[in-house]
Amino acid sequence: MIRLNKYLSEAGICSRREADRLIEAGCVTVDGVQAVPGMKVSEEQKICVGKKVIQGAEQKVVLAVNKPAGIVCTGDMKVKNNIIRFLHYPVRVTYAGRLDKDSEGLLIMTNDGELINSMMRARYHHEKEYHVRVDKEITSEFVRQMSEGVHIQDVEKNLDAVTRPCEVKQIGKYTFSIILTQGLNRQIRRMCEALGYKVTTLKRIRIMNVELGNLKPGEVRELTEQELKELYGTVKERENERTGQPSE
């Protein structure tokens, strides 16, 4: 979150002082509601000065980031070791699908709020692939149960669900790969715990068509033109399916 006057200033609209005057004069709306001085906004919100929609950044940035374990996916700058401060990227970006603090691997980070919203819609069943190490030897029964769906519960989190069937393959004595098409909170860890296993290492290696590859922990790269074309093409196709619009 960022103060509205700073958002308008960084978007090149005016100075912060002039932004405050515009807000006080009732010229600025956030999601269709008249803004008030001192309020904070996010990239996902629709911000207008008069009838003009303001974009926080002129150029869309989409990054692949290898998040190390211990870094927290949050935009709250008060949280120690948060991903925004760790990345320290010159353009404001946020993550499209978080990883918990103890997990590592691929994050897609961008300033494109529409892309984030499309990637985060659970009904689109976007694939995310992980490599996981557990504390006990993996059995064929474990692989079968993980693949078919696991009943997970958490009273404190108000969670009671059977996970969606997924693709699971054993790749070592204690390691397996898993491809999810849903994003329940700490899903893989909870699935393993329900079957008597404990995750010791969890790394995300792919989101949709974007792969972690040889990116080292803490490293960042911009997506290639081909990756962007395929990524945007997929989310647009899903949106068209939802709205009933024909695909191009």
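A short note on the overall build of the protein chain
Logical step 1: Along the protein chain, the regular secondary structure elements total 7 helices and 17 strands.
Logical step 2: Principal-axis analysis of the C-alpha atoms gives the protein chain an extent of 65 × 45 × 40 Å.
Logical step 3: For the protein chain, contacts bridging at least 24 residues in sequence account for 62% of all contacts bridging at least 6.
Logical step 4: Per element, the accessible surface of the protein chain, about 14,100 Å² overall, is 47% carbon and sulfur.
Logical step 5: Within the protein chain, the 35 negative side-chain charges are centred at a point lying 4 Å from the centre of the 40 positive side-chain charges.

Details of the packing of aromatic side chains
Where two aromatic rings form a pair, the distance of their centres and the angle of their planes describe that pair.
Logical step 1: All chains considered together, the criterion is met by 2 aromatic pairs.
Logical step 2: Between Phe142 and Phe176 the ring centres are 5.4 Å apart and the planes differ by 70°, which places this aromatic pair in the edge-to-face class. A residue pair is termed long-range when its members are at least 10 positions apart, and Phe142 in helix 5 (residues 140-148) and Phe176 in strand 14 (residues 175-180) qualify at 34 residues.
Logical step 3: On the basis of relative accessibility, which here comes to 2%, the residue Phe142 falls in the buried class.
Logical step 4: Assessed through its relative accessible area of 0%, Phe176 is described here as buried.

Here we look at the nonpolar core
Logical step 1: In terms of nonpolar packing, the biggest core is built from 34 residues, with Val132, Met146, Phe176, Ile178, Ile188 and Cys192 touching the most fellow members.
Logical step 2: Other than its neighbours up to four places away in sequence, Cys192 contacts Val134, Phe142, Met146, Phe176, Tyr197 and Val199.

Conventions and cut-offs
- Residues numbered from 1 in each chain as written.
- Predicted model: local features only at pLDDT ≥ 70, side-chain atom pairs only at ≥ 80, totals over all residues.
- Heavy atoms only, no water.
- Helix = DSSP H or I, 4+ residues; strand = E, 2+ residues; numbered from the N terminus.
- Contact = heavy atoms within 4.5 Å.
- Areas by Shrake-Rupley, 256 points an atom, 1.4 Å probe, with all protein chains shown as cover.
- Lys, Arg positive; Asp, Glu negative; His and termini not counted.
- Charge placed at Lys NZ, Arg CZ, Asp CG, Glu CD.
- Phe/Tyr/Trp six-rings, centres within 6.5 Å; stacked < 30°, edge-to-face > 60°.
- Buried < 20%, exposed > 50% of the residue type's maximum accessible area, 1.4 Å probe, protein only.
- Core = buried A, V, L, I, M, F, W, Y, C linked by side-chain atoms within 4.5 Å.

That's the geometry; what it means functionally is another story.
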